[in-house]
Amino acid sequence: MSTTVDIASLRESLRASHKISEQAFDIVKQICALVSDQAHETDAIEMVLRALEHREVFGQFNHVLNALVRTVGLFPYADPDVLDFRDRLAYEFHRPLDMLDDTVFHRVQAEVYRRLLAGENVVLSAPTSFGKSKIIDAMIATKRYTNVAVIVPTLALIDETRRRLSQFSNFYKIITHLSQQLGERNILVLTPERAIAFDPLPKIDFFIIDEFYKLSANNNDETRMVALNQAFYRLAKGGGQFYFLGPNIEQISKKLEQTFRCTFLKTNYATVVSEQVRVSEKGEQIEKLLELAKKLTEPTLIFCSSPARVNATAAAFVDAGIGIDAEDLKSASDWVAIHYHRDWIFGRALLHGIGIHHGKLPRALSQYVVRMFNEEKIRFLICTSTLIEGVNTKAKNVIIYDNKIARQKIDYFTFNNIKGRSGRMFQHFIGRVYIFDEPPDQQLPIVDFPVLTQGDEVPASLLVQLDDEDLSEKAKILVDNIKAQNDLPMNVIRENSCIDPIAQIALAKEIAQNAVSMSQQLAWTGFPSQTQLEFACELIWKHFIGSAQRKATVSSGKQLAFKLNRLWQIKNTAELVKFELEGSYAAQSPDEAVERVLDFERTWATFEFPRYLVALSRIQKSVFTRLGLSSGDYSAFAAQVECLFRTPVVAALDEYGIPIQVAEKIQNELDTKDDLDLALKRLKVMNLDHLFLTQFEREVLQDAQQAI
């Protein structure tokens, strides 16, 4: 049956409480007409959600509203106490098995859940706030699996996922770190890099890839794309059931459905409404933003293109006196002033109820501002794209202040992901999205699976990881050519995962051609001399980075060695910040100085340099051994750099929301340097009253204890 409801007019009526109270019967009647028309299902759900935003105004028609909620399948929003017998049965039918809380699924959630229960592999594209992750919880709650792996794109998501899944810690051991020992039943929450490196990997019965679109060759970050494909390949070879989830995907490669028995489900079923508001084009952009922010009283995310823009925007808010009284955050602000710099905008903004979130921040501080935002102690969270990759918040509003990430314009897919952060199931039925620029053209991505499709764009670093029987004819020729060379064995090339095989071979050749002279600089074990470190960094820069590139404040191998050496000598972040404010190349502001330090630590020290150094270690060892010369072993130094020259336990606790400076303060109480399982066990029962801690330090430790 087709309807004649004027949807635009109905939408307008549902925006104002006074109109609803005057026209309640007519509005309910029109929603009923929409709900009965399958051609308008999306509109019907939207109108029901808009009505729920003003539920109390509907008075005597509330029971009709409840029936409409049930009809469109929004069971989580239904009031079970007023449902009749038939509807109550339907409501209970949407309740997952064995969950520890009172979860009830909506219609499409329940469909996905039942498919997974039946043993199907499912690839789901659904909007943010659909409740995709809740389905993971429900599947784990069945306890049908011995080992589950959840692959998340970032370390920030490891902590969020670990906290959520800690509800199952009586039945499963939650493992997030390579150093942890397996239990009898395990949930492994890992980044792709850790999934590749986890050894031995137990038989995984069920694996999940969150934000699966990052598998695509269109992903701008080739290293991460290769790592995720390799992790997928490793897990898929184990034969476990899988569930991939992500937002706003148009289509996936047919190759996946041909290779595995799986179902691609694409749905626009939403549990919140996003209301888009175009900000006036007149006037200065920052002035318009400040004016808008003054009117907003709910939790608001503000998206900026880069950390520098985040800082500038936060400073403008502080200078304009925008924000809220945040006395509760003073201890955190004071702590940041001592351990980083008193003028760093991160700490100053906290005093105004303003949080900053971007990829250069220490993980513990990132987690802290998100937690404070969700507890509504922070009203404005000014962020880059780091918050659009699955981190959940209680934002009512999203302001898309910039339409770029770094210098690249955002596409429709990214725009939708940012937009989707407004509103939250059970928090806000309607989220508002304020945009400063026209939205991008409406084109959603098709996700391929390079590990299966093996097109021309797929790098050799991924192809060399595949078994011969899984290679296409063209890919096999390429891999066979690499196998045919005699400079570097395939096992070494494969161990140096995600690094271009051709670059590895070139490095091996150079070492072999100058073996005697190079062995004097490369045959070291443990910790290098300054000259040895510089020599290694020059080789890494030449072969793995490229001489023309500047990356995370570093422009050359020599500079890389200099910064590593300084990090090694000065294990105090505030002192490192001071150094960045001195000399011919001094930072222009404390913000820039802090971020130079943090950028180097996040990009080089804890990620890029250790993996490149270990690769160099394997290559020189292979070459020198073949030539009968002494070789070195850099693994100890690489591990120390990765831990920022702290103990492994102190470094790892940053991922549990404990800043390194706080972890150092309690390391004697933990009484272990490298046993993370033991440290967590002791932390869980640690009596904090006996320790000399600031309020902020006590808060982050108590929060960590509750989430273990």
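These figures come from a predicted structure and were not determined experimentally.

The interhelical angle for the contact between helix H23 (residues 515–522) and helix H24 (residues 530–545), taken along N-to-C directions, is 120°, at an axis separation of 8 Å. As judged from the angle between their axes, H23 and H24 are oblique. Of the residues in H24, those touching H23 at Met518, Gln520, Gln521 and Leu522 are Thr531, Gln532, Phe535 and Leu539. Of the residues that constitute the contact of H23 with H24, the class distribution is 4 nonpolar, 4 polar and no charged.

Here we take up the state of the cysteines. Counted according to the given criterion, the structure contains 0 disulfides. Sulfur of Cys383: no disulfide; nearest cysteine sulfur belongs to Cys304 and is 7.2 Å away.

Let us look at the sheet that holds strand E1 (residues 121–125). Remark on secondary structure: sheet strands pair via backbone hydrogen bonds, oriented parallel or antiparallel. If you trace the 7 strands from one edge of the open sheet to the other, you get E3-E4-E2-E5-E6-E1-E8, paired in parallel fashion. Two strands close off the open sheet at either side, each with one partner strand: strand E3 (173–175) and strand E8 (262–266). Neighbour-to-neighbour, the strand axes of the sheet open up by a mean angle of 15°, direction not taken into account. Relative to strand E5 (residues 206–210), strand E2 (residues 147–151) runs parallel, the two sharing 4 bridges. The residue bridging Ile151 from the neighbouring strand is Ile209, located in E5. Contacts between helix H8 (residues 155–165) and the sheet are confined to E2, E3, strand E4 (186–190) and E5, with E4 contributing the most and set at about 155° to the helix.

Right, let's get into the sheet that holds strand E12 (residues 380–383). Across the sheet, 6 strands lie side by side as E9-E16-E13-E10-E12-E11; this open sheet has parallel pairing. In the strand order of this sheet, the two ends are held by strand E9 (273–278) and strand E11 (354–357), each with one partner. Between one strand and the next, the sheet's axes are offset by a mean angle of 20°, whatever the strand orientation. As paired elements, E9 and strand E16 (residues 430–435) share 6 bridges and run parallel to each other. Bridging from a neighbouring strand, Glu275 pairs with Arg432 of E16. Docked against the sheet, helix H16 (residues 363–374) engages strand E10 (300–303), E11 and E12, running at close to 140° with respect to E11.

What counts, and where the lines are drawn
- Residues numbered from 1 in each chain as written.
- Predicted model: local features only at pLDDT ≥ 70, side-chain atom pairs only at ≥ 80, totals over all residues.
- Heavy atoms only, no water.
- Axes fitted to C-alpha atoms, helices over the stretch in contact; angles between N-to-C directions.
- Helix = DSSP H or I, 4+ residues; strand = E, 2+ residues; numbered from the N terminus.
- Parallel < 35°, antiparallel > 145°, perpendicular 65-115°, else oblique.
- Contact = heavy atoms within 4.5 Å.
- Nonpolar A, V, L, I, M, F, W, Y, C, P; charged D, E, K, R; others polar.
- Disulfide = S-S within 2.5 Å.
- Pairing = 2+ DSSP bridges.

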